[in-house]
Amino acid sequence: MLEEEMEAMNTWLSFPSQKSFNQDFAIRQFCPARIEQEQEECQEETYTLNEAELWLPSDSISAGIQAYEEELFVDSFFNTEYYTNEHLNNLQEPFEQSRDDHENFTMTIDYDYIPMMVEGDELVISNIYEDAGLIAEDTPDAVEEVCHGVDQGLHLVHLLLACAEAVGCRDIQHAHTMLSQIWTSVSPWGDSLQRVSYCFAIGLKSRLALLNYVNANGTLTTGLGDQSLITKEERLEAFYLLYQTTPYINFGFMAANDAICQATEGKDFLHIVDLGMEHTLQWPYLLRTLASRLGGPPKLIRITGISDLCVKENQMQGTIVEAESLGISVEFCRIDEAVTPSLLTKEKLNLKEGETLIVNSIMQLHKYVKESRGSLKIILQAIKKLEPTLLTVVEQDANLNGPFFLGRFLESLHYYSAIFDSLESSLPRNSIERMKIEKLYFAEEIRNIVAYEGADRIQRYDRADQWRRQLSRAGFQSVGLKFTNQTSSTVSLNESDGYTLATEKNCLLLGWKGRSIMLASAWQTHRASSS
């Protein structure tokens, strides 16, 4: 019966197989198998490229792209044989909101990113409002407008690929020429393609600026590491908005919490070590679930949060009060440091005899993946020595840790275009919440992936298969996860029907129109699983 219900749920959450036109179609469809194969082969072995070599000019063939692949990418972006008039008409997003809607909308603009052109002896800043279609005297025929959009999108994709290839080859002059043309086609408040392209243009601009400071031996001048354009508080605000408006974050919380509840059944004393804890959003659902379990709730839950971004005291106090109302005692211990192997010891974490230990990692372990992967291995070995009952791992499901810039650029464009397309389906283009999510959260991730190398490149996402390899080599084995009603309802509550759920080799996957975005998994040490 349960299997039938889950099958029905998954069927309801699935999407039609017929391809429909959207701004992101080609990037999701483009899958350069040879690039992925080369990157996976590189990831199987220890990378031999040092940071200096990563900044040196790359040959376009060795970087994993050829001219015919670019044509395949662009052609697939607007494959019109799938598009019917109905599909095209569905694309039209009315901009007939009252002028008051736009007058009440404000956004801080970084004028360094606004495209500028020289006409005669004057410097002219192009009118982005006109480019975004916010100022128009009349509305053209719907199909004609879409066809025009197809031409513009096709041109934009060509420019992005040409600019990325020029950047990868250190052809700075040509890259600047391409980038100046890109600025005239992108907009932070246009359609999903224009918006995601705007973020990638920022990343390309940052990388070009850094190339001016690469020394003759390929190293970057000291002191020019990743300097964030936003504050940690702004990023955390955007994280909260992402949590409230999409299922991406909550999916990870629910999957991890379900695994924790299963692993701690019948246990009275729990100790959760949360890597990178910056908030308490995950815990209310876990507490309510544990409070309602057969045999009664745990007597004590200790939560040790490790993060260099402090959790606010009122958040922790609110969680404690809610736990008390449920008959559970909760204690918080905050360690205001970055996660390091030397910190992950039984003594420094104050582990106690008789506690059931859970190590919880929500979008954190990718930060310790380096070219050699040695850093991640050391972290995993330190976690294993703690002898946890369970390790929960939630990560972005994308192959963004390849050593070659151009292959990484294409895969990240593929990945983030799917995310921006999902935002397009649920939030209006003039939504301030959407603006903050894109500018303060995803734009910074994209800039880090595109612009930086070596230790400064922190956003090093991997696919589920790669995480399985790394965790298995470190002595962990996967615990089979299943979709519960709560996890599935997290997705089904969203208005858009483009979100998809899937299982793959004990991992849970949340995707957008078939493109996996997030993965959730749980792991035990071989010792724990055999006991």
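Right above here is the structure, for reference.
Quantities reported herein were computed from a predicted structural model and do not represent experimental measurements.

Rules used throughout
Residues numbered from 1 in each chain as written. Predicted model: local features only at pLDDT ≥ 70, side-chain atom pairs only at ≥ 80, totals over all residues. Heavy atoms only, no water. Helix = DSSP H or I, 4+ residues; strand = E, 2+ residues; numbered from the N terminus. Buried < 20%, exposed > 50% of the residue type's maximum accessible area, 1.4 Å probe, protein only. Pairing = 2+ DSSP bridges. Right-handed = clockwise from strand over helix to strand, strands pointing away. Phe/Tyr/Trp six-rings, centres within 6.5 Å; stacked < 30°, edge-to-face > 60°. 1 Å grid on protein atoms, 1.4 Å probe; cavity = no way out; pocket = protein on both sides within 12 Å on 5 of 7 lines; lining within 4 Å. Points joined across faces, edges and corners; volume = space filled by probe spheres on them. Nonpolar A, V, L, I, M, F, W, Y, C, P; charged D, E, K, R; others polar. Contact = heavy atoms within 4.5 Å. Salt bridge = Lys/Arg side-chain N within 4 Å of Asp/Glu carboxyl O.

## Digging into unusual backbone geometry
Thought 1: For Met363, which is not glycine, the phi dihedral falls at a positive 55°.
Thought 2: Here Met363 shows up in the loop between β6 (356-362) and α16 (374-385).
Thought 3: Unlike most non-glycine residues, Glu387 shows phi in positive territory, near 55°.
Thought 4: The residue Glu387 is located in the loop between α16 and β7 (390-396) in this model.
Thought 5: Relative accessible area serves as the criterion here: at 39%, Glu387 is assigned to the partly exposed category.

## Let's talk about the pairing of strand β3 (residues 269-275)
Thought 1: Buried residues dominate β3, accounting for 6 of its 7 residues.
Thought 2: Summarising the sheet, β3 and strand β4 (residues 300-306) pair through 7 bridges and their orientation is parallel. Along β4, the bridge assignment pairs His271 with Arg302.
Thought 3: Running through helix α14 (residues 283-291), the crossover from β3 to the neighbouring parallel element β4 is right-handed.

## A look at the packing of aromatic side chains
Thought 1: Per the counting criterion, the structure on display carries 13 aromatic pairs.
Thought 2: Ring centres 5.1 Å apart and planes at 90° place the aromatic pair Tyr441 and Phe442 in the edge-to-face group.
Thought 3: Accessibility expressed as a relative area gives 5% for Tyr441, which makes it buried.
Thought 4: We classify Phe442 as buried; its relative accessible area is 4%.

## A few points about the layout of surface pockets
Thought 1: Of the pockets and cavities examined, the second largest pocket occupies roughly 980 Å³.
Thought 2: Classifying every residue of the lining of the second largest pocket by side-chain character gives 16 nonpolar, 12 polar and 12 charged.

## Side note on the environment of Ile272
Thought 1: Take Ile272: it is sitting in strand β3.
Thought 2: Classification of Ile272 by relative accessible area gives buried; the value is 1%.
Thought 3: For the pair Ile272 and Phe332, spaced 60 residues apart in sequence, the C-alpha to C-alpha distance is 9.7 Å.
Thought 4: In this structure Ile272 touches Trp283, Leu286, Ile301, Arg302, Ile303, Thr304, Ile358 and Asn360, once residues within four positions along its chain are discounted.

## Here's the deal with the pattern of salt bridges
Thought 1: Enumeration according to the criterion identifies 20 salt bridges in this entry.
Thought 2: With a closest N to O distance of 2.5 Å, Arg302 and Glu355 form a salt bridge. Of the two residues, Arg302 is situated in strand β4 and Glu355 in the loop between β5 (329-335) and β6; the sequence distance between them amounts to 53 residues. Comparing Arg302 with Glu355, the two get one shared label, buried.
Thought 3: Here the residues in one salt-bridge network are Arg195, Glu424, Arg429, Arg434 and Glu438, joined through shared partners.

## Some thoughts on empty space enclosed by the protein
Thought 1: For the structure shown, the criterion picks out 3 cavities of 30 Å³ or more.
Thought 2: Taken as a whole, the largest cavity spans an internal volume of roughly 80 Å³.
Thought 3: Lining the largest cavity are 13 residues, with Gln396, Tyr415, Ile419, Phe442 and Met518 sitting closest to its centre.
Thought 4: When contributions to the lining of the largest cavity are tallied by element, the ones reaching two or more residues are α13 (248-263), α17 (405-426), α18 (432-451) and β11 (515-525).
Thought 5: Residues belonging to the lining of the largest cavity are distributed by class as follows: 11 nonpolar, 1 polar and 1 charged.
Thought 6: Residue lining of the second largest cavity: 10 residues in total, with Pro188, Tyr198, Cys199, Glu438 and Lys439 positioned closest to the centre.
Thought 7: Among the secondary structure elements, those contributing two or more residues to the lining of the second largest cavity are α11 (192-211) and α18.
Thought 8: Top element by residues in the lining of the second largest cavity is α18. It accounts for 4 residues.
Thought 9: Per-class residue counts for the lining of the second largest cavity are 7 nonpolar, no polar and 3 charged.

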